[in-house]
Amino acid sequence: MRRVSLMSAVAMLAVSGMTFGQAPMTMPMAQALASGAPVAAGPAAEVQRAYAGQMNNILKAAEKMPADQYQYKPTPEVRTFARVVNHVTEAQARSCGVANHTAPADMVKTPSDTADKDAIVAGLKASFAECDKAFAATTDANFSEMYTAGQGKRSRAGLMWGTVSHDNEQYSTLAMYLRLKGLVPPSSEK
């Protein structure tokens, strides 16, 4: 019985993948998900959906923290809220820039950690725009394409899932900072 159930589940996943196709998303990720339009299935679509969720949470967290709290840090040993947001910007500029074949000199510039909230959020949004291009260009066909990243090689799958994983880790820090300031993180809002 268990084997039949497992085989049925695999068959349903295969059929759903054929139904929705493997085309890359053509509109920005968050808009595609919010529109309710059919979303492709497959490895590329999975990473695109995960990215869209992280983007939504991080942007909302950056917007939610009051401007006068961007230099907040819970203890002297940890990063400020601004530094965490800028760290996301830097990491996304690098990984998505590599996927987009963006020259290092043309990559998104990160503002100073002491810049005002508007400048820091603008830098974050610019890094998400770079990632929107990289994730939208990701297909099942190019998922194993190899890139030079730093001193090593990474697959597109590794770059894209690495970005999602890193964003998830950093969002948890932003969410904790919001909670310490008495604010509800975006992923916990009802």
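Preceding block: the structure.
Colleague: With reference to specific residues and values, describe the side chain of Thr89.
Modeller: Looking at the secondary structure, you find Thr89 in helix H4 (residues 81-99). Contact partners of Thr89, with chain neighbours within four places excluded, come to Val108, Thr110, Gly123, Leu124 and Ser127.

Colleague: With reference to specific residues and values, describe the packing of helix H3 (residues 43-64) against helix H6 (residues 156-180).
Modeller: Axis separation between H3 and H6 bottoms out at 9 Å; the angle between their running directions is 30°. Judged by the inter-axis angle, H3 sits roughly parallel to H6. Remark: the crossing between H3 and H6 carries left-handed chirality. Across the interface between the two elements, Glu46, Val47, Ala50, Tyr51, Gln54, Asn57, Ile58, Ala61 and Lys64 of H3 pack against Met160, Trp161, Val164, Asp167, Asn168, Tyr171, Leu174 and Leu178 of H6.

Colleague: An account of the pairing of strand S1 (residues 146-149) is requested, with residue identities and associated values reported.
Modeller: As judged from the four bridges shared by S1 and strand S2 (residues 152-155), these two strands associate in the antiparallel manner. Considered in S2, the bridge of Thr148 is made with Lys153. The hairpin formed by S1 and S2 contains two residues between the paired strands, and Gly150 there has a positive phi angle of roughly 65°.

Colleague: Would you mind going over the state of the cysteines in detail, with residue names and values included?
Modeller: Summed over all chains, the structure comprises one disulfide. The disulfide partner of Cys96 is Cys131, and the S-S distance across this bridge is 2.1 Å. Negative torsions about the S-S bond denote left-handed disulfides, and the value of about 95° found for Cys96 with Cys131 makes this one right-handed. Within this pair, whereas Cys96 is found in helix H4, its partner Cys131 is found in helix H5 (residues 117-136), the two being separated by 35 residues in sequence. Across this residue pair, the class does not change: Cys96 and Cys131 are buried.

Colleague: Give a description of H4 that names residues and reports values.
Modeller: Over its 19 residues, H4 extends 27 Å from the first C-alpha to the last, a length consistent with the 27 Å expected when each residue adds 1.5 Å. In the segment just after H4, His101 is the residue with positive phi, at about 60°.

Colleague: Describe the packing of aromatic side chains, with residues and values.
Modeller: Per the stated rule, a full pass over the model turns up five aromatic pairs. The interplanar angle of 45° and the centroid separation of 6.0 Å between the aromatic rings of Tyr51 and Phe128 together place this pair among those described as tilted. With Tyr51 in helix H3 and Phe128 in helix H5, the pair connects residues that are 77 residues apart, well separated along the chain. The structure contains a cluster of three or more aromatic residues connected by ring pairs, namely Tyr70, Tyr72, Phe81 and Tyr177.

Colleague: Tell me about H5, residues and numbers included.
Modeller: The first and last C-alpha atoms of H5 sit 28 Å apart over 20 residues, in line with the 28 Å expected at 1.5 Å per residue. Regarding H5, the residues found buried are Lys117, Ile120, Val121, Gly123, Leu124, Ser127, Phe128, Glu130, Cys131, Asp132, Ala134 and Phe135.

Colleague: Describe the pattern of salt bridges, listing the residues and the values that go with them.
Modeller: Per the counting criterion, the structure on display carries five salt bridges. Glu63 is the salt-bridge partner of Lys125, the closest N and O atoms lying 3.4 Å from each other. In this pair, Lys125 sits in helix H5 while Glu63 sits in helix H3, placing the two residues 62 residues apart along the sequence. What makes Lys125 partly exposed here is its relative accessible area of 44%. Arg83 is the salt-bridge partner of Asp113, the closest N and O atoms lying 2.6 Å from each other. Of this pair, Asp113 sits in the loop between H4 and H5 while Arg83 sits in helix H4, and the two are 30 residues apart along the sequence. Under the relative-accessibility criterion, Asp113 is labelled partly exposed at 24%.

Conventions used here
- Residues numbered from 1 in each chain as written.
- Predicted model: local features only at pLDDT ≥ 70, side-chain atom pairs only at ≥ 80, totals over all residues.
- Heavy atoms only, no water.
- Helix = DSSP H or I, 4+ residues; strand = E, 2+ residues; numbered from the N terminus.
- Contact = heavy atoms within 4.5 Å.
- Axes fitted to C-alpha atoms, helices over the stretch in contact; angles between N-to-C directions.
- Parallel < 35°, antiparallel > 145°, perpendicular 65-115°, else oblique.
- Left-handed = near helix turned anticlockwise from the far one by under 90°.
- Pairing = 2+ DSSP bridges.
- Disulfide = S-S within 2.5 Å.
- Buried < 20%, exposed > 50% of the residue type's maximum accessible area, 1.4 Å probe, protein only.
- Expected span 1.5 Å × (residues − 1).
- Phe/Tyr/Trp six-rings, centres within 6.5 Å; stacked < 30°, edge-to-face > 60°.
- Salt bridge = Lys/Arg side-chain N within 4 Å of Asp/Glu carboxyl O.

Take it as geometry only, folks, not as evidence of what the structure does.
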